[in-house]
Amino acid sequence: MAEIIVVTSGKGGVGKTTSSASIAIGLAKRGHKTAVIDFDVGLRNLDLIMGCERRVVYDFVNVVHGEATLKQALIKDKRFDNLFVLAASQTRDKDALTQEGVEKVLKDLAADGFEYIVCDSPAGIEKGAFLAMYFADKAIVVVNPEVSSVRDSDRIIGLLDSKTHRAEAGEGLPAHLLLTRYSPARVAGGEMLSIADVEEVLGLKALGVIPESSDVLNASNKGEPVILEAESEAGQAYDDAVARLLGEERPLRFTTLEKKGFFSKLFGG
């Protein structure tokens, strides 16, 4: 049975699609047959970050409307045979997806042996975001450690608790916090909320903390999700987050300010 994971946020630009791509890669690296779906109709980005934009022929909306089969639309990742991408449409509007159509696609993926389905949600509370979260078994809420992002994510958590299929059935939807663009130096300087601050406000435990890093943007521009950058702290932090998602215990890394040694202080290193 497939586990459906929605990656969501209240605010745009927090690294949600980057996170969806790295989480999907991390699951596939561990041997799990994984699909990642772009729900952001009209603003297609997942295929760019996954490096498969030139191979998009049919998209999610084509499948929902019966204009293509799921097998025609799924793009096999060039790095992992067990990872597939279902791109969003750039030419349709937000109402092109239907609840019945989304449900059928998710059921067909499960029937085809997929173990994990990662739903890359649009930001906010419009229809695409609602459909991305409605059938989820688990949610990952992506948040920057700043007040507006946290406030908007609190609204999303309210929807996860009330407007999903599991909520309607009287079941809770397990949700995890993924903090992105975290800078221990800025936290120490009072410019950014701490991990504990965000966890307290949202009532969620951190699944992962991704340090602020230029590696993320560089990797996205190359079509290589940053989790594949073994030397990158951000890539390692995403790998840790996937391990925790699968039940492993790993300490949070890259979350504290490194103290300078005596000679570094003396010579300004």
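In this text, all values refer to a predicted model and were calculated from it rather than measured experimentally. (Residues numbered from 1 in each chain as written. Predicted model: local features only at pLDDT ≥ 70, side-chain atom pairs only at ≥ 80, totals over all residues. Heavy atoms only, no water.)

(A) Region of interest: the overall build of the protein chain. Looking only at helices and strands, one finds 13 helices and eight strands in the protein chain. Its C-alpha radius of gyration of 19 Å places the protein chain within 12% of the 18 Å reference for a compact globule of 269 residues. Principal axes of the C-alpha set define a box for the protein chain whose edges measure 70 × 40 × 35 Å. When burial is assessed residue by residue, the protein chain has 53% of its 269 residues classed as buried. A separation threshold of at least 6 residues defines the contact pool for the protein chain, and within that pool the share at least 24 residues apart is 74%. Roughly 12,400 Å² of accessible area belongs to the protein chain as shown, and the carbon and sulfur atoms make up 50% of that amount. (Helix = DSSP H or I, 4+ residues; strand = E, 2+ residues; numbered from the N terminus. Rg over C-alpha atoms; globule rule 2.2 N^0.38 Å. Buried < 20%, exposed > 50% of the residue type's maximum accessible area, 1.4 Å probe, protein only. Contact = heavy atoms within 4.5 Å. Areas by Shrake-Rupley, 256 points an atom, 1.4 Å probe, with all protein chains shown as cover.)

(B) The sheet that holds strand E6 (residues 138–143), seen in detail. With mixed pairing, eight strands are arranged side by side in an open sheet as E3-E4-E2-E5-E1-E6-E7-E8. Each edge of the open sheet carries a strand with a single partner, namely strand E3 (75–76) and strand E8 (206–211). Pairing between E6 and strand E7 (residues 175–182): five bridges, direction parallel. Bridging across to E7, Val 141 finds its partner in Leu 177. Across the face of the sheet, helix H5 (residues 99–111) comes into contact with strand E1 (3–8), strand E2 (34–38), strand E4 (83–86) and strand E5 (116–120) while running at roughly 150° to E5. (Pairing = 2+ DSSP bridges. Axes fitted to C-alpha atoms, helices over the stretch in contact; angles between N-to-C directions.)

(C) Spatial organisation of the packing of aromatic side chains. A full pass over the atoms with the stated rule returns four aromatic pairs. Taking 5.6 Å as the distance between ring centres and 80° as the angle between the ring planes, the aromatic pair formed by Phe 84 and Phe 114 counts as edge-to-face. Pair noted here: Phe 84 is in strand E4 and Phe 114 is in the loop between H5 and E5, with a separation of 30 residues, a long-range link. Classification of Phe 84 by relative accessible area gives buried; the value is 14%. When the centroid spacing of 5.4 Å and the interplanar angle of 45° are considered together, the rings of Phe 130 and Tyr 134 count as tilted. Of this pair, Phe 130 and Tyr 134 both sit in helix H6 (residues 127–134), four residues apart, roughly one helical turn. The structure contains a cluster of three or more aromatic residues connected by ring pairs, namely Phe 130, Tyr 134 and Phe 135. Residue placement shows Lys 33 over the ring face of Phe 114; its charged tip is 4.5 Å from the ring centre. (Phe/Tyr/Trp six-rings, centres within 6.5 Å; stacked < 30°, edge-to-face > 60°. Lys NZ or Arg CZ within 6 Å of the ring centre and 35° of its normal.)

(D) Structural context of the packing of helix H7 (residues 147–162) against helix H10 (residues 195–202). Packing of H7 against H10 leaves a shortest axis separation of 10 Å and a crossing angle of 35°. With respect to the hand of their crossing, H7 and H10 are arranged in right-handed fashion. For the pair H7 and H10, contact is made by Val 150, Ser 153, Asp 154 and Ile 157 and by Val 198, Val 201 and Leu 202, respectively. Broken down by class, the residue content of the contact of H7 with H10 amounts to five nonpolar, one polar and one charged. (Left-handed = near helix turned anticlockwise from the far one by under 90°. Nonpolar A, V, L, I, M, F, W, Y, C, P; charged D, E, K, R; others polar.)

(E) Up close: the layout of surface pockets. In this structure, the largest pocket encloses a volume near 440 Å³. The wall of the largest pocket is formed by 24 residues, among which Gly 13, Gly 15, Lys 16, Thr 17 and Thr 18 lie closest to the centre. Within the residue set of the lining of the largest pocket, elements represented by two or more residues are helix H1 (16–29), E7, E8 and helix H11 (214–222). Broken down by element, the lining of the largest pocket gets its largest block of residues, three residues, from H1. In the lining of the largest pocket, the residues fall into nine nonpolar, nine polar and six charged. Quantified by volume, the second largest pocket comes out at close to 310 Å³. Considering the residues around the second largest pocket, the lining is formed by 15 residues, among which Met 1, Ile 4, Lys 107, Phe 135 and Asp 137 are closest to the centre. Among the elements of the structure, H5 and helix H8 (165–168) are those that each provide at least two residues to the lining of the second largest pocket. Among the elements that take part in the lining of the second largest pocket, H5 stands out by supplying four residues, more than any other. Residue classes in the lining of the second largest pocket are distributed as nine nonpolar, one polar and five charged. (1 Å grid on protein atoms, 1.4 Å probe; cavity = no way out; pocket = protein on both sides within 12 Å on 5 of 7 lines; lining within 4 Å. Points joined across faces, edges and corners; volume = space filled by probe spheres on them.)

(F) Local environment of H7. The terminal C-alpha atoms of H7 lie 23 Å apart, and with 16 residues this matches the ideal 22 Å at 1.5 Å per residue to within 8%. The set of residues buried in H7 consists of Ser 149, Val 150, Ser 153, Ile 156, Ile 157, Leu 159 and Leu 160. Taken down its axis, H7 places every buried residue within 165° of arc, on the same side. Relative to its buried face, H7 has exposed residues pointing more than 90 degrees away, namely Val 147, Arg 151 and Asp 161. As for H7, its buried residues are in contact with E1, H6, E6, H8 and H10. (Expected span 1.5 Å × (residues − 1). Arc of directions from axis to C-beta.)

No statement about biological role is implied by the geometric values presented.
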